Amino acid sequence: MSQLITVVDAFAEQPFTGNPAAVCILNAPADEEWMRRVAREMNLSETAFLHPHGAGGVDDGYRLRWFTPTVEIALCGHATLASAHVLWESARLPAGQQARFHTMSGLLTADRQQSDGMIVLDFPATPQQTCPVPAGLQEALGAPMKYVGKTTFDVLVEVDSEQTVRGLTPNHSALAALPVRGVMVTSRSSDPAYDFVSRFFGPGAGIPEDPVTGSAHCCLGPYWGERLDKTDLVGHQVSARGGVVHVGVRGDRVRLGGRAVTVLRGELLA
């Protein structure tokens, strides 16, 4: 029996920008090894699998899991945004109904603003704390570091300028040896339209460079919000594809806003 799959560019204003995610909406839980194989086959930063949660069907929301080509991860922004987009686009959820996802990181929600169509995610903040510089990090990045911190998932590095962020050519093998999901590198933006820029490297999780990382902004938003004395910020992830994340810091929660574009619909035959 075939399984429908949709590829969505998330945090994107137009096709072939932002971060592509594959979305599989299932009727019931699937075999984990099959999901891992599908994620390897898709070879995107994340493939999302979701199915109705609980006896109440879709009124109880959806169970959502995310897989990179190599591992399952605990929190993913762009594939959650893509999943909500597909639920509304396929009419599995009415246009004005909130999407609710039960995940390894608790209940996550998505709402689509009627005014401009932006999808807003409600995620947990993942604040960072100052930490010693991990062995090998300086050499792996090849750039001076102003500040180093650590979250539950990742290492945060602030550097001196957007030019430095854009010019990084890190040693991915060395980064993969670090005992973290990934490394986010950030600075103030040189463009007044944005508050900060970033890039995200996760070779240890099978993602050499992630195009746009929603979950990283659960840290970047509070980090820059404290330094700039702002609760609403705009982040620009300056990967080759690039993408914009609107961030609202709300205590121990973070709102992540962006748009999504469907670029492919197909069937998995195996």
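The text that follows walks through the structure, step by step, so that each part is easy to find. Remember, predicted model here, so these are calculated numbers, not experimental data.

### What about the pairing of strand β10 (residues 147-150)?
In this structure, strand β9 (residues 129-130) lies alongside β10, joined through 2 bridges in antiparallel fashion. Among the inter-strand pairings, Gln129 is bridged to a residue of β10, identified as Lys150. Bridge count for β10 against strand β11 (residues 154-158) is 4 bridges, and the pairing is antiparallel. Bridged to Lys150 within β11 is Val155. Hairpin connection of β10 to β11: 3 residues between the antiparallel strands.

### A short note on the nonpolar core
If you look at the biggest cluster of nonpolar residues, it comprises 50 residues, and the most contacted ones within it are Leu50, Trp66, Leu87, Ala99, Phe101, Ala110 and Leu256. In terms of residue count, the dominant contributor to this core is helix α2 (residues 78-89) (7 residues). The contact partners of Leu87, leaving out residues within four places of it in the chain, are Ile25, Leu50, Tyr62, Arg92, Leu93, Ala99 and Phe101. Grouped together as the second largest cluster of nonpolar side chains are 20 residues, Val159, Val165, Val197 and Phe201 included.

### As for the environment of Pro124
By the element assignment, Pro124 lies in strand β8 (residues 119-124). In sequence terms Pro124 and Arg253 are 129 residues apart; their C-alpha atoms lie 4.5 Å from each other.

### A closer look at helix α6 (residues 217-228)
Taken across its 12 residues, α6 has 9 buried, putting it largely inside the fold. Buried residues of α6: His217, Cys218, Cys219, Leu220, Gly221, Pro222, Tyr223, Trp224 and Gly225, and no others.

### Digging into the pattern of salt bridges
Where charged atoms of side chains with opposite charge meet at close range, the side chains can pair. Inspection of the entire model under this criterion finds 16 salt bridges. When the shortest N-O distance is used, the salt bridge between Glu33 and Arg40 registers 3.5 Å. Taking relative accessible area as the criterion, Glu33 reaches 35% and is therefore assigned partly exposed. Here Asp195 and Lys230 are joined by a salt bridge, their closest N and O atoms 2.6 Å apart. With a gap of 35 residues between them, Asp195 in the loop between β12 (182-188) and β13 (196-202) and Lys230 in the loop between α6 and β15 (232-237) connect regions that are remote in the sequence. Taking the relative accessible area as the measure of exposure, Asp195 reaches 11% and is therefore buried. Taking relative accessible area as the criterion, Lys230 reaches 34% and is therefore assigned partly exposed.

### Let's talk about unusual backbone geometry
Of note in this structure, Phe11 is not a glycine but carries a positive phi near 55 degrees. Here Phe11 is to be found in the loop between β1 (3-10) and β2 (19-25). A positive phi angle is found at Phe16, which is not glycine, with a value near 70 degrees. Along the chain, Phe16 falls in the loop between β1 and β2.

### Examining the packing of aromatic side chains
Inspection of the entire model under this criterion finds 5 aromatic pairs. Relative to Trp224, the ring of Phe196 has its centre 6.3 Å away and its plane inclined at 10 degrees; by these criteria the two rings are stacked. Here Phe196, found in strand β13, pairs with Trp224, found in helix α6; they are 28 residues apart in sequence, far enough to count as distant. Members of the aromatic cluster, joined through ring pairs, are Tyr147, Phe196, Tyr223 and Trp224. Geometry around Tyr147 places Arg227 over its ring, the cationic atom sitting 5.5 Å from the centre. It is Arg227 that lies over the ring of Tyr223; its NZ or CZ is 3.6 Å from the centre.

Conventions adopted
- Residues numbered from 1 in each chain as written.
- Predicted model: local features only at pLDDT ≥ 70, side-chain atom pairs only at ≥ 80, totals over all residues.
- Heavy atoms only, no water.
- Pairing = 2+ DSSP bridges.
- Helix = DSSP H or I, 4+ residues; strand = E, 2+ residues; numbered from the N terminus.
- Core = buried A, V, L, I, M, F, W, Y, C linked by side-chain atoms within 4.5 Å.
- Buried < 20%, exposed > 50% of the residue type's maximum accessible area, 1.4 Å probe, protein only.
- Contact = heavy atoms within 4.5 Å.
- Salt bridge = Lys/Arg side-chain N within 4 Å of Asp/Glu carboxyl O.
- Phe/Tyr/Trp six-rings, centres within 6.5 Å; stacked < 30°, edge-to-face > 60°.
- Lys NZ or Arg CZ within 6 Å of the ring centre and 35° of its normal.

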